[in-house]
Amino acid sequence: MSDSRKIIHIDMDAFYASVEQLDQPQFRGKPLAVGGPSEKRGVIAAASYEARKFGVRSAMPTAEAFRRCPELNLVSPRFPRYREISEQVHGIFRCYTDLIEPVALDEAWLDVSANLIREPSGTRVAERIKSEILEQTALTCSAGVSYNKFLAKIASEENKPDGLFVITPEQASAFLKVLPVRKIPGVGRVTEEKLRDFGIEITEDLLKKDAEWLNQHFGKFGMVLFQRARGIDHRPVEPERETKSVSVETTFDRNLTNLEELDLELQNLTEKLLQRLDRNGICGSTLTLKLKFADFEQITRSESRSLPFDRSSLLETGKRKLHQCCSREYPGRPIRLLGIGISNFGKPPRVVQLDFFEDLKIPV
Ligand SMILES: [Mg+2]
């Protein structure tokens, strides 16, 4: 393990729910979820720790969440507010390093190997970031510190909420040995079951398999498993890349002509798109609708606004474009694929960065 980097993974605790409890004190100490209403087949985007005790989890249908916790308080997400706090938190990050890779509004990796405050200890940097986040936002986060991205991420999950967990190169192999394989990022339910079928439950079991065997049974991901089991992850922390567009599409099991069915599909796609946009903390001002007809001819229709789309304008504009295509331009033509995308993202406002070295100037 020759990797000598210092990587921090910061994950805000129950972020959306914590922001709501912060802004609306009546929900503090109470089971609270942020999500869509059950009448509209909504899903939970975030659950407070009080709600988690009842088994309420994110990505769960809201109806199921209410079955598990009848006294659950449900509020709609307020993404502009979450973005605002996320931007504040990133302002704190930028005082320590320029190497920040956002994963979602509430999650980021930081490479602090050479940091702006010249603090040699990654743990000290994480402690300072945690306390500054608490001071400036009144919210807690959990930090994981290690020498690569995947270990830092696993470490951040170890002591939630308000956790700080460090995995040093010396500790890594002992820590990994007993780690359940499902905790390795990228191992979903299907892979976990497949691994279990081979008798692989903890990372130590993975060590007994060679690269060839893993490649044979898990393809490309087999090589990732081979490396992770040995504590290896060379991926660099990549500062924010510019996203040009985000889109989602679906191919139907059978061709659709019914406008109501198409509306419903568009609504589902729009929800998915909104989730993707939200995960990236962005929203653009150009919407593009894509249709592929049964004969494979494909058309796109776009519309731009002066302001970025929000949830309701996205739904409304998408629907209007769809109706234009299906009722006016191509009435009755069977459709096999529907897609919707957003582009033309503005640059998010950057928080003014304070000059840390200002303090170090000796007065004359
Ligand atoms: Mg989080």
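Before reading on, note that the structure itself is shown above.
Residues numbered from 1 in each chain as written. Predicted model: local features only at pLDDT ≥ 70, side-chain atom pairs only at ≥ 80, totals over all residues. Heavy atoms only, no water.

Novice: Explanation requested: the overall build of the chain in the structure shown.
Specialist: Across its full length, the chain holds 13 helices and twelve strands. Projected onto its principal axes, the C-alpha coordinates of the chain cover approximately 70 × 65 × 45 Å. Within the chain, the proportion of its 364 residues that are buried is 44%. At a minimum sequence separation of 6, the contacts of the chain that also span at least 24 residues come to 64%. (Helix = DSSP H or I, 4+ residues; strand = E, 2+ residues; numbered from the N terminus. Buried < 20%, exposed > 50% of the residue type's maximum accessible area, 1.4 Å probe, protein only. Contact = heavy atoms within 4.5 Å.)

Novice: Explain the coordination of the magnesium ion here, please?
Specialist: Ideal values for angles at a metal depend on the geometry: 109.5 degrees with four tetrahedral donors, 90 or 180 degrees with six octahedral donors. For the magnesium ion, the full set of protein donor atoms is Asp11 (OD), Met12 (O) and Asp106 (OD), and the range of their distances to it is 2.2 to 2.4 Å. Each donor residue of the magnesium ion lies on one chain, and together they are spaced D-M-x93-D. Taken together, the residues span a long stretch of sequence, with methionine 12 in strand β1 (residues 7-12) and aspartate 106 in the loop between β5 (100-104) and β6 (107-111) at a distance of 94 residues. Judged by its relative accessible area of 3%, methionine 12 is buried. (Donors = N, O, S within 2.8 Å, 3.2 Å for Na, K, Ca; no water.)

Novice: I keep staring at the pairing of strand β2 (residues 32-35) and nothing clicks. Help me out?
Specialist: Each regular strand displays side chains that alternate between the two surfaces of the sheet. Here β2 shows no split at all, with Leu32 and Val34 on one side and Ala33 and Gly35 on the other all buried. In terms of strand pairing, β2 meets strand β4 (residues 73-75) through three bridges, oriented parallel. Looking at β4, one finds that leucine 32 is bridged to asparagine 73. (Pairing = 2+ DSSP bridges.)

Interpretation note: all reported values are geometric properties and have no functional meaning in isolation.
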